[in-house]
Amino acid sequence: IYLIRFVQNSQQISRPYNIGRALVRGLELRAEVRTGPARLSGNYTYQQALNQSPFPFENGRDLPNGPRHSFNLRSEVLAGPARVYHELNGESRQFLDRANLRPVAGRLLHTLGLHLRLGAGLEATAEVRNLGGTRSRICGDIPFQAGPSS
């Protein structure tokens with residue numbers, strides 16, 4: 001497999017880089033349980049993406065910006081036109097560089113939200129992300145910013 005990943009250079013700027021060859025294996029699990037107005041859903045992904053470069057300092061190392069473990073859990077309660085939910089998102093440690101010398105710690109983020117069906121096809125959602133105030137970063141010194149859901 002040939003992959004393009006963002007790799008941080010010596011100026012701490014992440015740029016797309018064509019990883020010559022890689023071996024990617026993994027497992028993905030998903031489950032959902034509903035009972036009455038409550039629902040619990042989640043997924044877990046294990047991915048081992050290893051660089052198969054001919055360069056000894058890269059070969060056999062994890063590909064940059066790819067955690068081996070990630071999961072999402074969501075619990076929600078429906079009450080008429082309203083839905084209240086809590087999400088928990090986690091990722092294990094990952095690396096910024098091809099030689100795996102610049103690790104980024106894993107993260108655990110909480111989100112609390114309210115979704116309302118207003119009628120006439122209108123809906124509104126309000127969320128508070130990163131409830132625990134976890135200091136999390138992506139791409140080294142770039143602060144993690146929780147943006148709107150897509």
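Throughout this description, residue numbers start from 1 for each chain and increase along the sequence as written. Where totals are concerned, whole chains, interfaces and linings use all residues; where local detail is concerned, this predicted model gives features only for residues with pLDDT of at least 70, and gives and counts side-chain atom pairs only at 80 or more. Only heavy atoms go into the side-chain values, all of them from the structure, while hydrogens and water stay out.

1. Things to note about the overall build of the protein
Then step 1. Of regular secondary structure, the protein possesses zero helices and 12 strands.
Then step 2. Note on conventions: DSSP H or I runs of at least 4 residues are helices, E runs of at least 2 residues are strands, and numbering of each starts at the N terminus. Along the protein, from the amino end to the carboxyl end, the secondary structure elements read β-β-β-β-β-β-β-β-β-β-β-β.
Then step 3. Surface exposure of the protein reaches about 9900 Å², of which carbon and sulfur atoms provide 57%. Accessible surface is estimated by sampling points in the Shrake-Rupley manner with a 1.4 Å probe; for residues, cover comes only from the protein chains shown.

2. Section: the sheet that holds strand β4 (residues 38-51)
Then step 1. Taken together, six strands build an open sheet; the order of strands is β3-β4-β5-β6-β9-β10 and the sheet is antiparallel. Only two strands of the sheet have a single partner each, and these edge strands are β3 (22-35) and β10 (122-129). Neighbouring strand axes in the sheet, compared pairwise and without regard to direction, differ in orientation by 15 degrees on average.
Then step 2. Inspection of the sheet shows β4 paired to strand β5 (residues 69-79) by nine bridges, in the antiparallel sense. Bridge pairing links arginine 39 to glutamate 76 in β5. Two strands make a pair as long as DSSP finds a minimum of two bridges between them. Note on geometry: axes are lines fitted to C-alpha atoms, helical ones only across the stretch in contact, with angles between N-to-C directions running from 0 to 180 degrees.

3. Focus on the packing of aromatic side chains
Then step 1. Two aromatic rings from Phe, Tyr or Trp, using only the six-membered ring of Trp, form a pair when their centres are within 6.5 Å; if the ring planes differ by under 30 degrees the pair is stacked, by over 60 it is edge-to-face, and anything between is tilted. Under the definition given, this model contains one aromatic pair.
Then step 2. In this arrangement the basic side chain of arginine 74 is found over the ring face of tyrosine 85, its NZ or CZ atom lying 3.9 Å from the centre. Charges are assigned to positions over rings by a cutoff of 6 Å between ring centre and Lys NZ or Arg CZ, combined with an angular limit of 35 degrees from the ring normal.

4. Side note on the side chain of threonine 111
Then step 1. Secondary-structure assignment places threonine 111 in strand β9 (residues 107-119).
Then step 2. Categorising residues by exposure relies on relative accessible area from a 1.4 Å probe, with only protein chains included: less than 20% of the type maximum marks a residue as buried, more than 50% marks it as exposed, and the intermediate range marks it as partly exposed. Exposure remark for threonine 111: the relative accessible area of 9% places this residue in the buried category.
Then step 3. We call two residues contacting when some pair of their heavy atoms lies within 4.5 Å. Ignoring sequence-local partners within four residues, the contact set of threonine 111 consists of Tyr85, His86, Glu87, Glu127, Val128, Arg129, Asn130 and Leu131.

5. Considerations on a nonpolar patch on the surface
Then step 1. A cluster of nonpolar side chains, contributed by Val84, Leu112, Leu114, Leu116, Leu118, Leu122, Val128 and Leu131, occupies part of the molecular surface with about 670 Å² of accessible area.
Then step 2. Among the elements of the structure, β9 and β10 are those that each provide at least two residues to the nonpolar patch.
Then step 3. Tallying contributions element by element places β9 first for the nonpolar patch, with four residues.
Then step 4. Turning to its location among the elements, leucine 118 is positioned in strand β9. Note that patches include only residues with greater than 30% relative accessible area and no salt bridge, and the join distances are 9 Å for like charges and 5 Å for nonpolar side chains (Val, Leu, Ile, Met, Phe, Trp, Tyr). Salt-bridge detection follows one rule: a side-chain nitrogen of Lys or Arg within 4 Å of a carboxyl oxygen of Asp or Glu.

6. Focus: the pattern of salt bridges
Charged atoms that come close allow side chains of opposite charge to pair.
Then step 1. What the rule picks out here adds up to 11 salt bridges.
Then step 2. Residues arginine 68 and aspartate 62 are paired through a salt bridge, measuring 2.7 Å at the closest nitrogen-oxygen approach.
Then step 3. If you follow the salt bridges from partner to partner, you end up with Arg30, Glu32, Arg34, Arg39, Arg74, Glu76, Arg83 and Glu87 in one network.

7. Concerning the environment of asparagine 43
Then step 1. You can see asparagine 43 is positioned in strand β4.
Then step 2. Given the relative accessible area of 24%, asparagine 43 is considered partly exposed.
Then step 3. C-alpha separation for the pair asparagine 43 and arginine 30, spaced 13 residues apart in sequence, amounts to 4.2 Å.
Then step 4. Other than its neighbours up to four places away in sequence, asparagine 43 contacts Leu29, Arg30, Ser70, Phe71 and Asn72.

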